[in-house]
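Single-letter residue listing:
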Amino acid sequence: DAGVTQSPTHLIKTRGQHVTLRCSPISGHKSVSWYQQVLGQGPQFIFQYYEKEERGRGNFPDRFSARQFPNYSSELNVNALLLGDSALYLCASSLDWVGMEQFFGPGTRLTVL
Amino acid sequence: TQLLEQSPQFLSIQEGENLTVYCNSSSVFSSLQWYRQEPGEGPVLLVTVVTGGEVKKLKRLTFQFGDARKDSSLHITAAQPGDTGLYLCAGRAYSGAGSYQLTFGKGTKLSVIP
C-alpha cells in the first residue's frame, strides 16, 4: 500500500511569489494535516482538514491557506512568500479527525530566495 | 501556547551505551507521542502514551509518561548505530472545534558511533 505522497519534493521560489504544495493521503484516510518544519526545529502545526472542512488552524498568517478535495487529497497554498517560509512542509494523514495515529509523508523542501 | 522542551538537543554516544531523552511541559496533554525522523523523511510514530505513569517498552526503547501527563522520557538501552536519528516528542491536546493538535518539541539529534 502506498504511504502519504507529497509533491513536489523540492521547490525554489523567490520572495513575493506564491506556492502550491500537494498531498495524497493513505487510501481510506479522511483527514490531512499540514506542518512546517524549519531547520533545527520540530514540526509546527498549520492546518487540519477532515471531510473537506477545516478542523484546526495553527498560529500562521492568512498568507497560508489550504483545502481538501473530494478524494481527500489536499493542497497547501502560501502567498507572498517570505525568506522565513523556507522549510520542510510535511503532510500527515489519519483515519479520522481524532488523528490518534498520523502518518507523515516525506515532505516538500521549500527554499525562498 | 503549549510548549514542549526537549533535552538534550544533541547527543553523541558510543555503541552499547544507554541514554535518556527528556520531554517537559507546563501543559497537560491528553496523550504524548514519540517520533523518529531520518534525514529527508517525515517523522515515524514510535509510541503513544495516554495514561499518567504509563510505561511502554519497544524492544530496547522504554517510554514513560509522567504522572501529571506533562512530561515524558525515552530511554534507549545498549544503543546501536541504527538508532541514529532525530527523536521528537509531541503532545496531543484537544483544541476545540473538533480538532486535536500536535505540539512538537525541537527534537533530540542522536548519533551512535560504532
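The structure displayed is predicted, hence computed values, not measured ones.

Cut-offs and rules
Residues numbered from 1 in each chain as written. Chains lettered and ligands numbered in written order. Predicted model: local features only at pLDDT ≥ 70, side-chain atom pairs only at ≥ 80, totals over all residues. Heavy atoms only, no water. 1 Å grid on protein atoms, 1.4 Å probe; cavity = no way out; pocket = protein on both sides within 12 Å on 5 of 7 lines; lining within 4 Å. Points joined across faces, edges and corners; volume = space filled by probe spheres on them. Helix = DSSP H or I, 4+ residues; strand = E, 2+ residues; numbered from the N terminus. Nonpolar A, V, L, I, M, F, W, Y, C, P; charged D, E, K, R; others polar. Salt bridge = Lys/Arg side-chain N within 4 Å of Asp/Glu carboxyl O. Buried < 20%, exposed > 50% of the residue type's maximum accessible area, 1.4 Å probe, protein only.

Turning to empty space enclosed by the protein, a few remarks are in order. Going through the model one piece at a time under the given rule, you end up with 1 cavity of 30 Å³ or more. Considering only enclosed or pocket space, the largest cavity measures out at about 40 Å³ in volume. Considering the residues around the largest cavity, the lining is formed by Ser33, Gln48, Trp97, Val98, Gly99 and Gln102 of chain A together with Arg92, Tyr100, Gln101 and Leu102 of chain B. With 3 residues, strand β10 (residues 100–104) of chain B is the single largest residue contributor to the lining of the largest cavity. In terms of residue class, the lining of the largest cavity is built from 4 nonpolar, 5 polar and 1 charged.

A few words now on the pattern of salt bridges. Think of it this way: side chains of opposite charge can pair up when their charged atoms draw near. Residues and elements named next belong to chain A. Enumeration according to the criterion identifies 9 salt bridges over all chains in this entry. Across the salt bridge formed by Lys30 and Glu51, the nearest N and O atoms sit 3.6 Å from each other. Highlighted residues: Lys30 in the loop between β3 (19–24) and β4 (31–37) and Glu51 in the loop between β5 (44–50) and β6 (53–57), separated in sequence by 21 residues. Take Glu51: its relative accessible area is 27%, and that puts it in the partly exposed class. Ionic pairing is found between Arg67 and Glu75, a salt bridge with its closest N-O pair at 3.3 Å. Overall, the relative accessible area of 11% leaves Glu75 in the buried class.

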